[in-house]
Amino acid sequence: EGRVVEATRLPKEGGSEALLGFGPGTHTVFLVPLLVQARLRGVVLVLIGSDLSEDRKAILEALGREIALALESAALAEEVHRRKSEERFRSLVQNSSDVVAVVGVDGVTHYVSPAVERILGYKPQDAIDHSVFMPPIMHPEDIDRVRRVFAGLIGSPGASATAYFRLRHADGRWIHVEAIAKNLLYDPSIDGIVVNYRDITERKTFEEQLRYQAFHDPLTDLPNRALFIDRLRHALVRLKRRKKLVAVLFLDLDNFKLVNDSLGHEAGDMLLVSVAQRLQGCLRAEDTAARFGGDEFTILLEDVTHTGDAVRVANQITRALKAPFAFEGREVFINTSIGIALSTSGRERPTDLLRNADAALYRAKASGKAACEVFDAAMNTLALERLDLEADLRRAIERGELAVHYQPQLELLTGRIAGWEALVRWMHPERGLIPPPTFLSIAEERGLITQIGNLVLEEACHQAKEWQEERHPAAATSLKMSVNISARQLQRPDELVREVVRVLEETGLAPDTLVLEITESMIMEDAEYNVDVLGRLKDLGVRVAVDDFGTGYSNLAYLKRFPMDMLKVDKSFVNGLGENPEDTAIVEAVISLARALGLTTVAEGIETTEQLERLRELGCELGQGYYFSRALPAYEASALLLAPSGHHAKGRR
Ligand code: C2E
Ligand code: MG
Ligand code: MG
């Protein structure tokens, strides 16, 4: 009842004094009960030397009640605190935007937080007691992968793992989630795998969008160069396993620049979009059309059985693009050229095929007749025609149908003729004048190029000597003669050196007035080796010019080591000068690079006053191009030398 009771009396001489630290005398022990909610929770022990009066007992009883009360309230406070934090925890889980689920070792859901309704559209109770690995909730393609992660987790207590998978929303959509799972099987209050997951569909979509943008042309929505090359690479890998061919079509709009310039960029853009649409209309689903850049498109044909298939598609495309394009009431016609390359072995690299297709395109353009050309010589439908051309070419060399024409190179500041470039021409009795790109590749393939090269070298050196001796008023005695050297000539340096020495001796031409033009890409084929070859040529006292500079991906480290005198800026860059900021930047860079290396710069393909002006401003020393003159037969070139300085620029275009 909460009363104070006398428990015992301690004897006088029991040693209890010393033990308890009290003075001598009889001691009585009283117990004051502590009752919390009517249950005895403890006692207060009171030792006293005398008896307790009733009112003192009452005071002790009151004290006992006070202590009990304090204990009770402390316990209560503790309980309240415990409940509060549990509540807070529950409320955190319940209100979290992430879904928190507790899953058993068998994958069955024991608990899932309400966020599941927001993310997946169904009530928590619908998920409880179901396996998480059952379709239709988890995407069938993800189940095995996630199962493996889950199995790995079960084996290691306390471990956690992250997984990405798709879950089906109640409305049927797939939701991408990122899940972090932790093994809390050993924790008795959880006894499960705690899975925390959130909706990352938006992030995924954004990533996919970015990926899409990285691999597609924003204007036409076609795959871009990178994706095309990737698909081509895969197609070539597949090819090894199948008896099929892969064809690459390289397509270029001949007069796109004209449309762009005359009707404006917007019309140009619209034209490209329409072209892309028509292209796709000609293709099967498994083929790929890509915008390769500018007005260039590439097409990948898989499952081709012979060349004819590719040619048929090319013709179909040509026809589809022949129909006029309508812009604001105007009709625009465009011409297309297509180069085709086929891979049979699968050993080719994507770049090989693209280069071959590009070369075929170049030939298609140069011939000016065929809308498409096939590169692959062996299975070429045009092989017969080319065989003809080969026989013709051999005859032409014998009969002297090959002529050398000369294009002047001028000092851009003074307009004086500083030299000439010798360019070979073939006067075919039936076909007329054939430009070098058409027959030089055949000559190169059939081993006729060295013969042609020597022929041009000899003729050009004779001509140079003659002009130097005539001392034309417009020309210096240092008048230079540039001769193009082919890849095959460069590959046989002994023969080349012997030939140059022979021709110089025979003609008496001062070696430092002969310039050998070697294309940048030729040098780069075997840069290390060619550093030596160029060195040997330089030792003869002749000059070396790097032709078509800017197209050959030069390694700057080599560039420094090449013994050379001139850089010829490729005409494709000069072409865009002042219009295309990239081209302009490249030309500027090449000129300053040349200056840094102490080289003379020659710009090729100058066609307009603006280009000339820009080149002058940039400090380019020499230039050639239709603006001044085309390549001319020797007698016309002589006449040009006689003309007063500055006047040969006009009327020769
Ligand atoms: P290349 O050495 O870069 O020669 C410049 C080419 O640009 C020449 O074409 C020339 O006629 C052309 N050209 C010059 N000015 C302009 C212009 O203002 N606009 C345009 N669009 N073109 C211009 P060509 O004569 O058809 O020769 C093409 C290529 O054939 C030459 O490029 C050269 O690599 C090769 N080639 C020509 N003759 C010989 C030769 O005798 N031997 C060797 N190995 N290659 C030669
Ligand atoms: Mg050249
Ligand atoms: Mg060139």
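Just so it is clear, the model here is predicted, and its values are computed rather than measured.

Rules and cut-offs
- Residues numbered from 1 in each chain as written.
- Chains lettered and ligands numbered in written order.
- Predicted model: local features only at pLDDT ≥ 70, side-chain atom pairs only at ≥ 80, totals over all residues.
- Heavy atoms only, no water.
- 1 Å grid on protein atoms, 1.4 Å probe; cavity = no way out; pocket = protein on both sides within 12 Å on 5 of 7 lines; lining within 4 Å.
- Points joined across faces, edges and corners; volume = space filled by probe spheres on them.
- Helix = DSSP H or I, 4+ residues; strand = E, 2+ residues; numbered from the N terminus.
- Nonpolar A, V, L, I, M, F, W, Y, C, P; charged D, E, K, R; others polar.
- Near = heavy atom within 4 Å.
- Polar contact = N/O pair within 3.5 Å; in protein donor to acceptor, adjacent residues only side chain to side chain.
- Areas by Shrake-Rupley, 256 points an atom, 1.4 Å probe, with all protein chains shown as cover.
- Buried < 20%, exposed > 50% of the residue type's maximum accessible area, 1.4 Å probe, protein only.
- Donors = N, O, S within 2.8 Å, 3.2 Å for Na, K, Ca; no water.

**What about the layout of surface pockets?**
Over the atoms, a rolling probe the size of a water molecule traces out where space has been left empty. Space inside the second largest pocket adds up to approximately 440 Å³. Lining the second largest pocket are 31 residues, with Val-103, Thr-109, Val-132, Met-138 and Tyr-197 sitting closest to its centre. For the lining of the second largest pocket, the leading source of residues is strand β6 (residues 160-168), giving five residues. Class assignment of the residues belonging to the lining of the second largest pocket gives a composition of 26 nonpolar, four polar and one charged.

**So, the site of ligand 1**
If you check the shell around ligand 1, you find 22 residues, and the closest are Gln-407, Arg-425, Asp-547, Glu-607 and Tyr-626. Within the contact set of ligand 1, an oxygen atom lies 2.9 Å away from a side-chain nitrogen or oxygen of Asn-484. Between ligand 1 and Tyr-626 there is a distance of 2.7 Å, counted from an oxygen atom to a backbone nitrogen or oxygen. Taken by itself ligand 1 offers 800 Å² of open surface, and the protein chains cover 85% of this. Among the secondary structure elements, those contributing two or more residues to the shell around ligand 1 are β17 (417-428), α13 (436-445) and β21 (543-549). Element by element, the count of residues in the shell around ligand 1 is highest for β17, at four residues. Residue composition of the shell around ligand 1, by class: nine nonpolar, five polar and eight charged.

**Thoughts on the environment of Ala-226**
Within the element layout of this structure, Ala-226 appears in helix α7 (residues 225-239). Residue Ala-226 is classed as partly exposed on the basis of its relative accessible area of 40%. When the C-alpha atoms of Ala-226 and Ala-290 are compared, they prove to be 9.4 Å apart, with 64 residues separating the residues in sequence.

**Quick look at the coordination of the magnesium ion (ligand 2)**
Binding of the magnesium ion (ligand 2) to the protein goes through Glu-421 (OE), Asn-484 (OD1), Glu-517 (OE) and Asp-547 (OD), at separations of 2.0 to 2.2 Å. The sequence motif formed by the donor residues of the magnesium ion (ligand 2) is E-x62-N-x32-E-x29-D. A separation of 4.2 Å is found between the magnesium ion (ligand 2) and the magnesium ion (ligand 3), both of which receive a donor from Asp-547. Taken together, the residues span a long stretch of sequence, with Glu-517 in strand β20 (residues 514-519) and Asp-547 in strand β21 at a distance of 30 residues. Residue class for Asp-547 comes out buried when judged on its relative accessible area of 5%.

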